Amino acid sequence: MKVFIVGVPLFDKDMAVQAYRLCDRSGDRAIGIQNDFRRMSEAFISPGLDLVEQIGLEPFAGDKLLFADLNMYQLLVGRPSNIDIHPSKLICVLPGDIPVNDRIIDRCGGLKEKGYRLALEGIPEVINDNPIIPMIDYLILDYLSPSFTSAHFNARTFLPKLNLVFSNIPDDESFERLVARNLTALFTGGFYSKPITEGLAELSPVKINALQLLSLVHSEDFEFDEMVEIIERDPYLTISLLRFINSAAIGLSRKVDSLMSAVTILGQREIRRWATVAISVSLAEDRPGEITKLALIRAKFAECLAPAFGLSGDEQSLFLTGLFSLIDVILQLPMEEALKEVALEDKVKSTLIKKQGNLYTVLDFIYAYERADWDQCSIMMIQNGVEFEAVNQAYVDAAFWYHNLLDIIDR
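What you see is a predicted model, and the numbers here were worked out from it, not measured in a lab. (Residues numbered from 1 in each chain as written. Predicted model: local features only at pLDDT ≥ 70, side-chain atom pairs only at ≥ 80, totals over all residues. Heavy atoms only, no water.)

Trainee: If you had to explain the overall build of the chain to someone new, which residues and values would you point to?
Mentor: Secondary structure summary: the chain contains 20 helices and eight strands in total. In terms of C-alpha radius of gyration, the chain reaches 23 Å, essentially the compact-globule figure of 22 Å for 411 residues. With the principal axes as the frame, the chain shows a C-alpha extent of 75 × 45 × 45 Å. For the chain, buried positions account for 53% of its 411 residues. Taking the contacts inside the chain whose residues are at least 6 apart along the sequence as the reference set, 68% of them involve residues at least 24 apart. When the accessible surface of the chain is totalled, it reaches about 19,200 Å², and 49% of it is carbon and sulfur. In the chain, 39 positive and 58 negative side-chain charges are present, and the distance between their average locations comes to 3 Å. (Helix = DSSP H or I, 4+ residues; strand = E, 2+ residues; numbered from the N terminus. Rg over C-alpha atoms; globule rule 2.2 N^0.38 Å. Buried < 20%, exposed > 50% of the residue type's maximum accessible area, 1.4 Å probe, protein only. Contact = heavy atoms within 4.5 Å. Areas by Shrake-Rupley, 256 points an atom, 1.4 Å probe, with all protein chains shown as cover. Lys, Arg positive; Asp, Glu negative; His and termini not counted. Charge placed at Lys NZ, Arg CZ, Asp CG, Glu CD.)

Trainee: Got a sec to walk through the nonpolar core? Specific residues and values, please.
Mentor: M227, F301, F365 and Y369 are the most contacted members of the largest nonpolar core, which totals 140 residues. When residues in this core are grouped by element, the largest group, twelve residues, is from helix α12 (residues 259–283). Sequence-distant contacts of F365, that is, excluding residues within four places in its chain, are made with F301, L305, F309, C377, M380, M381 and V391. (Core = buried A, V, L, I, M, F, W, Y, C linked by side-chain atoms within 4.5 Å.)

Trainee: I'd like a description of helix α10 (residues 224–231), backed by residues and values.
Mentor: Along α10, the residues that are buried comprise M227, V228, I230 and I231. For α10, the angular spread of buried residues about the axis comes to 160 degrees, placing them on one side. Residues of α10 that are buried sit in contact with α9 (205–217), α11 (235–245) and α12. (Arc of directions from axis to C-beta.)

Trainee: Quick one: what's the story with the pattern of salt bridges, residue by residue and with numbers?
Mentor: On inspection of all chains with the given rule, the structure shows ten salt bridges. Of the charged contacts in the structure, one is a salt bridge between E121 and R21, with a shortest N-O distance of 2.3 Å. Of this pair, E121 sits in strand β5 (residues 117–121) while R21 sits in strand β2 (residues 17–26), placing them 100 residues apart in sequence. Between R371 and D373 there is a salt bridge; the shortest N-O distance is 3.8 Å. For R371, a relative accessible area of 53% puts it in the exposed group. Residue classification places D373 among the partly exposed residues on the basis of a relative accessible area of 27%. (Salt bridge = Lys/Arg side-chain N within 4 Å of Asp/Glu carboxyl O.)

Trainee: Explain the packing of helix α14 (residues 315–323) against helix α18 (residues 358–370) to me, and be specific about the residues and the numbers.
Mentor: To describe two helices that pack against each other, one gives the angle between their axes and the distance between the axes. Put simply, α14 and α18 touch, their axes get as near as 10 Å, and they point 50 degrees apart. Classed by the angle they form, the pair α14 and α18 counts as oblique. Two packed elements cross with a definite hand, and for α14 against α18 that hand is right-handed. When α14 is examined against α18, the residues S317, L318, T321 and G322 are found in contact with a partner set consisting of L359, V362 and L363. Of the residues in the contact of α14 with α18, the class split is four nonpolar, three polar and no charged. (Axes fitted to C-alpha atoms, helices over the stretch in contact; angles between N-to-C directions. Parallel < 35°, antiparallel > 145°, perpendicular 65-115°, else oblique. Left-handed = near helix turned anticlockwise from the far one by under 90°. Nonpolar A, V, L, I, M, F, W, Y, C, P; charged D, E, K, R; others polar.)

Trainee: Summarise the packing of helix α13 (residues 289–305) against α14; cite the residues concerned and give the values.
Mentor: One can describe the packing of α13 onto α14 by two numbers: an axis separation of 7 Å at closest approach and a directional angle of 155 degrees. Taken as axis vectors, α13 and α14 run roughly antiparallel relative to one another. Handedness of the crossing formed by α13 with α14: right-handed. Mapping the contact onto sequence places A295, L296, R298, A299, K300, A302 and E303 in α13 and E315, L318, F319, G322 and L323 in α14. Class assignment of the residues belonging to the contact of α13 with α14 gives a composition of seven nonpolar, one polar and four charged.

Trainee: Would you mind going over unusual backbone geometry in detail, with residue names and values included?
Mentor: The backbone of M15 sits at a positive phi, close to 65 degrees, despite the residue not being glycine. Structurally, M15 is set in the loop between β1 (3–11) and β2. In this model, Q332 sits at a positive phi of 55 degrees, which is unusual for a non-glycine residue. Locating Q332 in the fold gives a position in the loop between α15 (327–331) and α16 (335–339). Relative accessible area serves as the criterion here: at 28%, Q332 is assigned to the partly exposed category.

Trainee: Lay out the packing of aromatic side chains with the relevant residues and their values.
Mentor: Applying the stated rule across the entire model yields 21 aromatic pairs. With a centroid separation of 5.9 Å and an interplanar angle of 70 degrees, the aromatic rings of F148 and F166 are classed as edge-to-face. Of this pair, F148 sits in helix α7 (residues 148–158) while F166 is found in strand β7 (residues 163–167), placing the two residues 18 residues apart along the sequence. For the pair formed by F148 and F166, the shared burial category is buried. Between F166 and F187, the aromatic rings sit 5.8 Å apart at their centres with planes inclined by 20 degrees, giving stacked as the arrangement. With F166 in strand β7 and F187 in strand β8 (residues 186–187), the pair connects residues that are 21 residues apart, well separated along the chain. The class for F166 is buried, based on a relative accessible area of 0%. Residue classification places F187 among the buried positions, given a relative accessible area of 0%. Here a set of aromatic residues connected by ring pairs shows up, and it is made of F4, F301, F309, F365, Y369, W374, F388 and Y395. (Phe/Tyr/Trp six-rings, centres within 6.5 Å; stacked < 30°, edge-to-face > 60°.)

Coordinates in, geometry out; function isn't part of it.
Next comes the structure, spelled out in C-alpha cells:
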C-alpha cells in the first residue's frame, strides 16, 4: 500500500500521552500524480485506517485512544463501522465545516450508538441549535491558525462541556500558556521534542553511570569486567539485562542469573545493542515517556531506511544518529555539550552537531515524516530516488520493533 502513516502523540497537562492522532496520506496523492478518478475513489476510503486494520492498533497507538480523520464521503459510506477496529479505541475526527443535513446527522448518531466518540476539527460557523454539537466529545483547535484566539474564546464561552485538543503547539512557552487556562485539555505539536539551546543541567549519579556505560560499549573494544562493574551500580540495568538474556528473543534453554555470564553469552555486538536501548530508557526516566519512544522508533526507522537512501552498510551509524538525536532533550543540555558525555563515532557526532551529510539527509526526512509534513517528504523522496513502499515498510517495521522491544526493556 502506497501510504505515509504516523501516529502523533497527544499529551495531557502533565506530559503523559493520552492518545494518538493518525496522520496519513496516499503516496500517489502526495506528489499530485493522481487522475480525477483516483481522487474521487480516495474520497471514500481511508488508507491509514485500512493499514491500522491490517496490522493492528498497537504499532500506532499502543493501548491509547486513536484519533482518526473522516471526511463526509467516508462517513456516508459507513466508515469506520465497516472496519475491524473496536469503537472504544477510536475517536472519529470530522471537519468543522461538515454539512449539517439529515444523512450526516443520522450517520453521526449511528456511530455514537455503536460506542464511537466524535471530534470536530475547528468550530463550525453555526453553534446554536446545531444538531451535531450535542454528539461531539472533542473539539480540536489549531494553535497556529490565524483565527485561533477567537476560536478558543468561542470554545470556552459557548462549548464549555467539550474536551479541547490543541494542535500545532510550537514550543514549551505556548504549551505552558495553554495549560494554565485549559487544565483538562490535550496538547500536540513539536513542543515536546524541541532541542535545548542554552543552559546546563546537573547530571544525576544514575545518568552519569548510564553515560559511562554508553561510552564504554561504543568504544571500539571494551572489557566485560568493566561493563559488569558499571551495570551492578544500577538495579534497573541489572534487571533489564537479566530479563533480556532470559527472554524468548534469545531462546536459551537454561536461565542465566549472572551478569558476567549474560554479557559473555551475548557478545560485544548484542550487548552494545541492548545497552544502547536500555540506557536510553534509563536516561529519559525523568522526561516525557514519549521522548524515549520517539528516540527508539526514530533510531530503527533510520536504520531501516538505509538501503532506500543508498546507505547500505551505514545501518548502525543511522541507528545511533536517530537514537542520539534527542540526547539534548533527554539530558537537558545543548547538543554539543550532551554529546561530550558519550563516546560516539565522529561521523555520528558531526551529523548531529553540524546537521549535514548523508546521515543527516535521512534524519531530516524522518523529522518531516514525524510532523506529517508529507509534501516535504515527497520532495525529499524524489530528490533521493526513494520509493514509497520502502518508506512505508521501514516505518511499520520500526513501529513493530518498538512494540516488541517493550517486552524486553519494560520495567
